[in-house]
Amino acid sequence: MTGTSFQPRRLATGGLIDRTRTHSFAFDGETLAGHPGDTLASALLANGKRLVGRSFKYHRPRGILTAGSEEPNALVELRAGAHREPNTRATTIELYDGLDAASQNRWPSLKLDLLAANQLFAPIFGAGFYYKTFMWPASFWEKVYEPAIRRAAGLGRAATEPDPDHYEKANAFCDVFVIGAGASGLAAALAAARSGARVILCEEDFRLGGRLLAERSEIGGRPAIEWVKAAEAELEALPNCRIMERTSVVGVYDGGTYAALERVNDHVPVPPAHEPRQRLWRIVAKRAVLTAGAIERPIVFGDNDRPGIMLAGAVRTYLNRFGVAPGRRAVVFADNDDAFRTAVDLLAAGVEVAALVDARKGSSASARDAAEKANARYLTGAVIQRVRGGQSVRGVEIRDQGGKIELLDCDLVAMSGGWSPTVHLTTHLNGKPKWDESLGALVPGALPPGMSVAGAASGQFGLASCLASGQSAGAEAARACGFAPSVHALPAASAASDETTASTPLWQVADGKGKAFVDFQNDVTVSDVKLAAREGFRIPEHLKRYTTLGMATDQGKTANANGAAVLARVTGRYVGAVGTTTFRPPFTPVAIAAFAGHHRGQDFRPARLAPSHGWAEEQGAHFVETGPWLRALYYPWEGEEPQATVNREVANVRDRVGVCDVSTLGKIDVQGKDAGIFLDRVYANTFSTLPVGRARYGLMLREDGFVLDDGTTARLKDDHYFMTTTTANAVRVMQHLEFCQQCLWPELDVQMVSVTEQWAQFAVAGPRARDVLQGVVDPAHDLANAAFPHLAAGEVTVCGGTPARLFRLSFSGELAYEVAVPARFGEAMMRAILEAGAPYGIAPYGTEALGVLRIEKGHPAGSELNGQTTAHDLGLGKLVSAKKDFIGRFMAARPALTDPARPSLVGLSPVDRDDRLRAGAHLLPKDEEAIAKNDQGYVTSIAFSPSLGHWLGLGLLVNGPERHGEIVRAYDPVRGGDVAVEICPPCFIDPEGERLRV
Amino acid sequence: MSRRPLYALSALAGIAVPGRFGKPDGEPGVVIAERQGLGLATVASRKGQDAALKAAVLQVYGVDLPESSRVAQGPAVIFVGYGPGQWLAVSESLADEALARDLSTRLAGLASISDQSGGRTVLRVSGPHARDVLAKGLPVDLDPRAFPLGSAATSVIGHMGVQLWQVDDTRSYDIAIFRSLSQSFWRWLTASSGEFGYEVSGQN
Amino acid sequence: MRIRCPYCGERALEEFTYRGDATVTRPKSLEPQAADAWVDYVYLRDNPDGHHREHWHHSAGCHAWLVVTRDMRSHEIVAVEFARKGEGP
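Residues numbered from 1 in each chain as written. Chains lettered and ligands numbered in written order. Predicted model: local features only at pLDDT ≥ 70, side-chain atom pairs only at ≥ 80, totals over all residues.

### What to know about the overall build of chain B
Then, in step 1: When its secondary structure is counted, chain B shows four helices and 12 strands.
Then, in step 2: For a compact globule of 204 residues, the expected C-alpha radius of gyration is about 17 Å, and chain B comes in at 18 Å, within 12% of that figure.
Then, in step 3: Summarising its shape, the C-alpha atoms of chain B cover approximately 60 × 55 × 30 Å along the three principal directions. (Helix = DSSP H or I, 4+ residues; strand = E, 2+ residues; numbered from the N terminus. Rg over C-alpha atoms; globule rule 2.2 N^0.38 Å.)

### Notes on the overall build of chain A
Then, in step 1: For chain A, the count of helices and strands is 24 helices and 50 strands.
Then, in step 2: Dimensions along the principal axes, computed over C-alpha positions, put chain A at roughly 110 × 70 × 55 Å.
Then, in step 3: Here chain A holds 998 residues, and the buried ones make up 57% of them.
Then, in step 4: Across chain A, every contact between residues at least 6 apart in sequence was considered, and the portion connecting residues at least 24 apart equals 67%. (Buried ≥ 20, exposed ≤ 12 C-beta atoms within 10 Å, placed from the backbone. Contact = placed C-beta atoms within 7 Å.)

### Side note on the interface of chain C and chain A
Then, in step 1: Tallying the contact residues gives 18 residues for chain C and 16 residues for chain A.
Then, in step 2: Sorting the residues of the side of chain C that touches chain A by element identifies α1 (35-42) and β4 (51-57) of chain C as the ones contributing at least two each.
Then, in step 3: Here the side of chain C that touches chain A is built from residues that sort into eight nonpolar, six polar and four charged. (Nonpolar A, V, L, I, M, F, W, Y, C, P; charged D, E, K, R; others polar.)

### Examining the nonpolar core
Side chains of nonpolar character tend, in soluble globular proteins, to be buried together.
Then, in step 1: Residues V332(A), L356(A), V413(A) and V764(A) are the most contacted members of the largest nonpolar core, which totals 376 residues.
Then, in step 2: If we ignore the near neighbours within four places in the chain, the residues touching V764(A) are V657(A), V659(A), A769(A), V772(A), L773(A), A816(A), Y817(A), V819(A) and I833(A). (Core = buried A, V, L, I, M, F, W, Y, C linked by C-beta atoms within 7 Å.)

### So, the sheet that holds strand β7 (residues 99-103) of chain A
Residue and element names in this part refer to chain A.
Then, in step 1: Across the sheet, which stays open at both edges, the five strands sit in the order β2-β1-β7-β5-β6 with mixed pairing between neighbours. In this open sheet, the two edge strands, each paired with only one partner strand, are β2 (30-34) and β6 (85-89). Going across the sheet, the axis of each strand differs from the next one's by a mean of 40°, ignoring polarity.
Then, in step 2: Note that strand β1 (residues 23-27) and β7 share three bridges and pair parallel. The partner of F25 across the bridge, within β7, is L99. (Pairing = 2+ DSSP bridges. Axes fitted to C-alpha atoms, helices over the stretch in contact; angles between N-to-C directions.)

### So, helix α1 (residues 50-61) of chain B
Residues and elements named next belong to chain B.
Then, in step 1: Given a rise of 1.5 Å per residue, 12 residues ought to cover 16 Å, and the 16 Å separating the end C-alpha atoms of α1 matches this to within 8%.
Then, in step 2: Among all positions in α1, only L53, V57 and Y61 are buried. On an axial view of α1, the arc spanned by its buried residues comes to 35°, and they lie on one face. Pointing more than 90 degrees away from the buried face of α1 are the exposed residues A51 and Q59.
Then, in step 3: Check the buried side of α1 and you find it contacts β3 (39-45), β5 (77-83) and β7 (111-115). (Expected span 1.5 Å × (residues − 1). Arc of directions from axis to C-beta.)

### Side note on the sheet that holds strand β19 (residues 352-358) of chain A
Sheets are built from strands that pair by backbone hydrogen bonding, the pairs being arranged parallel or antiparallel.
All names here are of chain A.
Then, in step 1: The five strands lie next to each other as β17-β24-β18-β19-β20, forming an open sheet whose pairing is parallel. This sheet does not close on itself; its edge strands, each paired only once, are β17 (309-311) and β20 (377-380). Across the sheet, the axes of successive neighbouring strands diverge by a mean angle of 20°, strand direction being ignored.
Then, in step 2: Across six bridges, the pairing between strand β18 (residues 329-334) and β19 is parallel.

### Observations regarding unusual backbone geometry
Then, in step 1: Between P585(A) and P586(A) the backbone carries a cis peptide bond, its omega angle lying at 0°.
Then, in step 2: Phi angles above zero are rare outside glycine, and H159(B) is one such case at about 70°.
Then, in step 3: Here H159(B) shows up in the loop between β9 (152-157) and β10 (160-168).
Then, in step 4: On the neighbour-count criterion, H159(B) (16 C-beta atoms within 10 Å) is partly exposed.
Then, in step 5: Located in the positive-phi region is H63(C), a residue other than glycine, with phi close to 65°.
Then, in step 6: By the secondary structure assignment, H63(C) is in the loop between β4 and β5 (65-71).
Then, in step 7: With 22 C-beta atoms packed within 10 Å, H63(C) lands in the buried category.

### Regarding the pairing of strand β47 (residues 937-945) of chain A
Residues and elements named next belong to chain A.
Then, in step 1: A large share of β47 lies buried, amounting to seven of its nine residues.
Then, in step 2: Pairing of β47 with strand β48 (residues 950-958), which is carried by eight bridges, proceeds in the antiparallel orientation. Bridge assignment links F944 to a residue of β48, and that residue is W951.
Then, in step 3: Connecting β47 to the next strand, β48, in antiparallel fashion are four residues, including G949 with a positive phi near 80°.

### Observations concerning the interface of chain A and chain B
It is common to report an interface's size as the accessible area lost on association of the parts.
Then, in step 1: Listed by partner, the interface residues are 44 residues for chain A and 45 residues for chain B.
Then, in step 2: For the side of chain A that touches chain B, the secondary structure elements donating two or more residues are β8 (167-179), β31 (608-609), β35 (666-671), β39 (751-754), β42 (802-807), β43 (816-822) and α21 (826-837) of chain A.
Then, in step 3: Residue contributions to the side of chain A that touches chain B peak at six residues, all from β8(A).
Then, in step 4: Across the side of chain A that touches chain B, the residue classes break down as 19 nonpolar, 12 polar and 13 charged.

### A closer look at the pairing of strand β38 (residues 720-725) of chain A
All names here are of chain A.
Then, in step 1: Along β38, five of the six residues are buried, which leaves the element largely enclosed by surrounding structure.
Then, in step 2: With six bridges joining them, β35 and β38 adopt antiparallel strand pairing. From the neighbouring strand, V670 faces β38, where its bridge partner is Y721.
Then, in step 3: Joining the antiparallel neighbours strand β37 (residues 707-717) and β38 is a turn of two residues.

### So, the packing of helix α4 (residues 183-194) of chain A against helix α10 (residues 463-480) of chain A
Packed helices, taken two at a time, are described by their axes: the angle between them and the distance between them.
Residues and elements named next belong to chain A.
Then, in step 1: Following both chains from N to C, one finds α4 and α10 inclined at 35°, their axes separated by 7 Å at the closest point. Here the hand of the crossing between α4 and α10 comes out right-handed. For the pair α4 and α10, the contacting residues are A183, S184, G185, A187, A188, A189, L190, A191 and A192 in the first and L463, C466, L467, S469, G470, Q471, A473, G474, A475, A477 and A478 in the second.
Then, in step 2: When its residues are assigned to classes, the contact of α4 with α10 shows 14 nonpolar, six polar and no charged. (Left-handed = near helix turned anticlockwise from the far one by under 90°.)

### Concerning helix α12 (residues 540-547) of chain A
Residue and element names in this part refer to chain A.
Then, in step 1: Looking at α12, one finds that the buried residues are P540, L543, K544, Y546 and T547.
Then, in step 2: On the buried face of α12, the contacting elements are β30 (524-525), α11 (526-534), α13 (560-570) and α14 (575-578).
Then, in step 3: A positive backbone phi angle near 70° is found at T548, which sits one or two residues after α12.

### A short note on the packing of helix α17 (residues 642-655) of chain A against helix α22 (residues 847-857) of chain A
Residues and elements named next belong to chain A.
Then, in step 1: Between α17 and α22, the least distance of the axes is 9 Å, while the angle of their chain directions is 55°. As summarised for this structure, α17 and α22 are arranged oblique, according to the angle between their axes. Here the hand of the crossing between α17 and α22 comes out right-handed. Of α22, the residues touching α17 (which contributes V646, E649, V650 and V653) are E848, A849, V852 and L853.
Then, in step 2: When the residues that make up the contact of α17 with α22 are grouped by side-chain class, the tally is six nonpolar, no polar and two charged. (Parallel < 35°, antiparallel > 145°, perpendicular 65-115°, else oblique.)

### Things to note about the confidence of the model for chain B
Then, in step 1: Per-residue confidence for chain B gives a mean pLDDT of 95, with 98% of residues at or over 70.
Then, in step 2: We note a pTM of 0.95 for the whole complex and an ipTM of 0.98 for its interfaces. (pLDDT = per-residue confidence, 0-100.)

### A short note on the environment of M829(A)
Then, in step 1: As for its position among the elements, M829(A) is in helix α21.
Then, in step 2: Residues M829(A) and S612(A), 217 residues apart in the sequence, show an inter-C-alpha distance of 8.6 Å.
Then, in step 3: Sequence-distant contacts of M829(A), that is, excluding residues within four places in its chain, are made with A760(A), F762(A), V821(A) and L6(B).

### Regarding the environment of G698(A)
Residues and elements named next belong to chain A.
Then, in step 1: Position of G698 among the secondary structure elements: in strand β36 (residues 694-701).
Then, in step 2: Residue G698 is classed as buried on the basis of its C-beta count, with 23 C-beta atoms lying within 10 Å.
Then, in step 3: Distance in space between the C-alpha atoms of G698 and M723 is 9.1 Å, their sequence separation being 25 residues.
Then, in step 4: Excluding residues that lie within four positions of it along the chain, G698 makes contacts with Y683, N685, F687, D710, G711, T712 and T713.

Structure (structure tokens):
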């Protein structure tokens, strides 16, 4: 957009904004204008908008306090509809054309907020009010109190539609990681990058320069911004340096790992097609230099939250960087020299300065000089005890050393209680910051391994010392990575900027009037801290939980230091001894979407697709997640109810023949001279005696004696076994076997590799299975019962020469085979089997029918192999060999694990055949009360059996095998079931196993 | 009945469609090609046969087996180290199952061989932004200082296991992924490539 | 956390799976009097204030089982070796 719109508070000249272009934006529906280079905050101030939001608890009018990411007040909802994002800080939002923002936490409007009536009830909203006020009756909490509180106290509204934008993650690696691109950071990056080290320089702002953008400093006799531009150009030209703007470093992790959030496209209305909105970086660095600067502290005095009261450094930022006058008549209130030079900058911008209110008792030459330059009164030993004005500052009550009160008209208060180094990232690995008495602030203590700190973040505030300490830290970091940085002469820095914060901290105006805020974002006042201390919450961590001081989106960046100081005063302690809360990641808020990145919706987690998946989709199969796999659940005919489909698929297997993709089973090639010995040691039963060309069911225990997994293993060659595991445990079993191989028995000649992906494997089950197989297996292979009996296994070819593995295994209890081909032939194999089976009435069946077939047959599966069952519990005690050592052997033999009174596998039939069984129902003696004492087990699996025409189940029951024929209760209080069931053997179909041997 | 030969199907059939996608203007930042028909097999050294296996592979395939996470190329077969005493053998000329058969015969008694030709999808990712795309998932430093030519890595991208090796010094990477995860991986790869513009090449 | 795998090089934590105490030894005896040794092996774990030897599996990398010596107070990794002796280059 071009053309100019009137911006009443915009200065005629100056600032790092592009005055040749205008951005149009809307705030609470009003159209306003700003320039490229503005933040939303600077553009609002340029338009004379000082009331920006309402506070969290009392709905007090709030303006803009800071010019950075520490902002507690100016939180807005940015964008609309699905793009709406609450709690974005106006001070960091880069202005773009068409920006749409709204104030939050007010009703019906920002200027007339009826919820401000909360202030009248301030006594009950004090510290701990949640815990005290809404105690009775207890049932009111969830239904009445909490919803009401949540409506009144809030921080904006999240969008209710799915986020339409794309987010992603990325990894980066470097030698030297420089965090913050102010004077120190640029000096550090230059020193490291010039040496050849790989450098990443991260800056949360959209411009490099830090405070240099906000101050009228000089470097080498020229405006500092020119030095910034030259440094940026040099770094950009170096191939070994990567500059990342709009990127906040939010976390420090072990091993030199850092998290950083890049706002790739937050500065445009909608991300360009194919581009992400934000990118969450994981940066791994050999060394890091923290040059994160410092955060200015407010002063605690009466009504210090009124719009128009700003940090002094922020006032200079708006004047110098953005060319905005945040007021017409200012008072500077501070306890340090640094802040008083704000007066000179104000005057230079044409803002009248009424007075410099210096809390220090003695007169400061530097402050007096600033006052003279600004034609302002200089009051020493004076404080502001209260602010006049509601939605904006109208004046201040100044109290001099003698206690005399004077009223001064003003619309801007620039305040400063000194600066606190931004130590947060030094504490993420449990480093404790330490108190520096000379600075009146916490400085970094023990640092994360590999990190050094320079500039203001280390408590060195002067520009010359920032440059020097930055350069030295950058060079040292490069040297530690094996590079040889050369020494470059530093340009001279202007003396004016070298004033350090000579602080004798005031912290708090004693005996002030009105509400004196310590934490603006959480509406925590001095009286809240006093109350908390009185009630015993005397350390900052407790104070935080009780009063919420230091919580929410800013985590007390402008509040914690003052909170500790006020707490020290009310508890009569030395402020340095009070300590601090622990700063944890993230340093600034990170959207959940950025943590998710690509992994949402369909890609929430990767899906493994079986080889016949595409074909199954064509058939209209319904799918189910089983572990990481998507498997066909059933294949409905048009208009068919799900239960009818499953019944049909089961019946087809029992009566004719069915085919099921079982490729998802874990498959492991176990090879080597000692493969048989190895399997003897990992299975409870014996495999070294298994003849080549045969398969066997195997049961694997954990070392504690409980069942780990089961499956079949075939011997293909003398030194080559082929193991299958359950789908769910495939990865775990492989890991377990590798532990056994590498850690327990490294002397064995055995090699394992997963071939799960290599083989597409299909179960062909039913009385006509052999007929079907004869249609696909090449004729050279004899499939007759004598030649290829139950549990036979071998390598064959199918469909004219494709290599395949054939196993005669049955999970259904019917005559059945499993045939495996290389996975790229999987889909074709499925079609070939169906074609060969068409004359015999073949139909595909899914996992639901598979489950019914195995329950009818009494085979334990996932619900029974639940990590709490033993071989004995599952009726598999006979399999457990007593002739050899194997994993779990000793512990499985413990009396408690073989106690017949343990719940063991039984079959369950409803006495009334119309009753439905429910998995999870408790098994109780028939006429006993439903109390825990009478609980004797539970139903593990249930199915409607089309073969029997009623529901049946498997369960684990105390003394189960001895109780066949007994009637018990299947009691299901959750779903209201109470069914009489008959205990029976778990196998309902063909208990002699004749069908699978024909 | 007639036994028609089985047709082979790429796991990306109908998905990896040739063409230009993502950012439409400028040279494509990334070129993606599926390498089909490769022979793939795992080779695991038998106990105590390390030296003999190394000698045999050098003699038969002209490759000095790498003993770390690296790739060594011979005239017909390349060997990618993926674990102590374990390699993924890759070949164009010994296609599909032929490679595993060849290895089983020539290295009998020295190594355990398993055919993997059906179990992996192999993609070649190249172009000026190949590394930028891979950085969006791969937690491994691909900078030439850390990952010089001949390097290989077994790692994860977006919770999906990958084997990756650098085939030449033109920022070109071969990535083997599990067949069953091909579609999930493809969605990650193309979403990550979009901002640079990418071309799906029909031929490898 | 990052672990320098002796085969793959330094890798991020997400590639590894933790198992635990690498100092315990599987008893050889199956005699009843070995019960205490088995209970020790299966259940009892020390939590030393300082260095500890732990089994980690490079599950998303080379599948090697590693013995990682880690400082339990700081997470500093002091040494990494193959669990299988004589493994590797």
